[in-house]
Amino acid sequence: MRLEGKVVIITGAGSGIGRASVKRFCEEGATVIGCDIDVEQLSSLASECKELKGKMIPKKLDVTDRTAVQATIDEIKNSYGRIDGLINNAGVTRDGLLQKISEEDWDMVIDVNLKGVFNMTQFVIPVMLEQGTGSIVNTSSIVGVYGNIGQTNYAASKAGVNAMTKTWAKEFTRKGAKIRVNSVAPGFTKTPMTEKVPEKILAALEERIPLKRMGEPEEIADVYLFLISDESSYVTGQVIGVDGGLVL
Ligand code: NAP
């Protein structure tokens, strides 16, 4: 098993890519702390993971709540003594053309997608620095690299995530620690997030994708797995596209 003995935190664990990742990581023997604001989703996920080799621990957590984030990370450190992986996967969209985006929609997307990543990483990093090892994956998007009509707030948040990834890849290794930080930039992936996109637009998009289909959440989970595992020991500071070739 590729993650035996590893303790990994995954945010946005209850749905879509996060949910598929929790299962994949449990199959590979990890202890996974699955964090999400949606408790019902977490408890059904915990039941689905019971038969798998690893262990899934559900935690209700809003990544924008710094006090709760600090308390959760302290609790995890006290219970398991270490944190090997952090996947900052929680994310939201509030789409609209620039003239129509409200201040609330701007703040919401920046708070969850950007500040949430800052909050989680700021409280996890002392644990990883103490260990001298760790791997952090920040979930970005192709939109954070190439932009997209109607997604000013989302594009800004994901571009910021990529900038933090590169900064942290330099910062966390300053004193010789082996802490890697990478971004994964999914293309259009079949999750509740893309269920909101009209059929017609999705069909047109699929036509533009060289692989002629949307991604499955499990295909993103497999890249997370590679980046958290020691198989990617020389990969850091990268933004890895998992998009069926859409941006080519
Ligand atoms: P999803 O199915 O909507 O799952 C996101 C999960 O995050 C949901 O369970 C959501 O709960 C939770 N969440 C929202 N706000 C949170 C908060 N403040 N604290 C903790 N958890 C919170 O979305 P997904 O498609 O799997 O997306 C996962 C990541 O991939 C996101 O960062 C997204 O931006 C990125 N991504 C997705 C696609 C795609 O095509 N699906 C493409 C590029 C990038 P609620 O459901 O209750 O809000």
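Residues numbered from 1 in each chain as written. Predicted model: local features only at pLDDT ≥ 70, side-chain atom pairs only at ≥ 80, totals over all residues. Heavy atoms only, no water.

1. A short note on the overall build of the protein chain
From N to C terminus, the protein chain includes 9 helices and 7 strands. In terms of overall size, the protein chain behaves like a compact globule, its C-alpha atoms giving a radius of gyration of 17 Å where 248 residues would be expected to give roughly 18 Å. The principal-axis extents of the C-alpha atoms in the protein chain amount to approximately 50 × 40 × 35 Å. Counting over 248 residues, the protein chain shows a buried share of 52%. Partitioning the intrachain contacts of the protein chain with sequence separation of at least 6 by distance along the chain shows that 74% fall at a separation of at least 24. Counting only carbon and sulfur atoms, one obtains 53% of the accessible surface of the protein chain, whose full area is about 12000 Å². (Helix = DSSP H or I, 4+ residues; strand = E, 2+ residues; numbered from the N terminus. Rg over C-alpha atoms; globule rule 2.2 N^0.38 Å. Buried < 20%, exposed > 50% of the residue type's maximum accessible area, 1.4 Å probe, protein only. Contact = heavy atoms within 4.5 Å. Areas by Shrake-Rupley, 256 points an atom, 1.4 Å probe, with all protein chains shown as cover.)

2. Regarding helix α4 (residues 103–131)
In this model α4 runs 41 Å from its N-terminal to its C-terminal C-alpha over 29 residues, within 8% of the 42 Å that 1.5 Å per residue would give. Largest kink in α4: about 40°, centred on Lys115. (Expected span 1.5 Å × (residues − 1). Bend = angle between axes of the 7 residues up to and from the residue.)

3. Digging into the state of the cysteines
Considering all chains together, one arrives at 0 disulfides under this definition. Cysteine Cys26 remains unbridged, with the sulfur of Cys49 as its closest cysteine sulfur at 4.1 Å. The class for Cys49 is buried, based on a relative accessible area of 4%. (Disulfide = S-S within 2.5 Å.)

4. Remarks on the pattern of salt bridges
Going through the model one piece at a time under the given rule, you end up with 13 salt bridges. Glu216 is the salt-bridge partner of Lys190, the closest N and O atoms lying 3.0 Å from each other. Here Lys190 is found in the loop between β6 (178–186) and α7 (192–195), whereas its partner Glu216 is found in the loop between α8 (199–208) and α9 (217–228), with 26 residues between them in sequence. With relative accessibility at 43%, the residue Lys190 sits in the partly exposed group. (Salt bridge = Lys/Arg side-chain N within 4 Å of Asp/Glu carboxyl O.)

5. Considerations on the site of the ligand
Residues in contact with the ligand amount to 27 residues; listed here are only the nearest, Ser15, Ile17, Asp36, Tyr154 and Thr191. Residue Leu61 places a main-chain N or O atom 3.5 Å away from a nitrogen atom belonging to the ligand. The separation between an oxygen atom of the ligand and a polar main-chain atom of Gly187 is 3.3 Å. When the ligand is considered free in solution it has 890 Å² of accessible area, and contact with the protein chains removes 88% of it. Where the shell around the ligand is concerned, the elements lending two or more residues are α1 (16–27), α6 (152–171) and α7. The element best represented in the shell around the ligand is α7, accounting for 3 residues. Class assignment of the residues belonging to the shell around the ligand gives a composition of 12 nonpolar, 12 polar and 3 charged. (Near = heavy atom within 4 Å. Polar contact = N/O pair within 3.5 Å; in protein donor to acceptor, adjacent residues only side chain to side chain. Nonpolar A, V, L, I, M, F, W, Y, C, P; charged D, E, K, R; others polar.)

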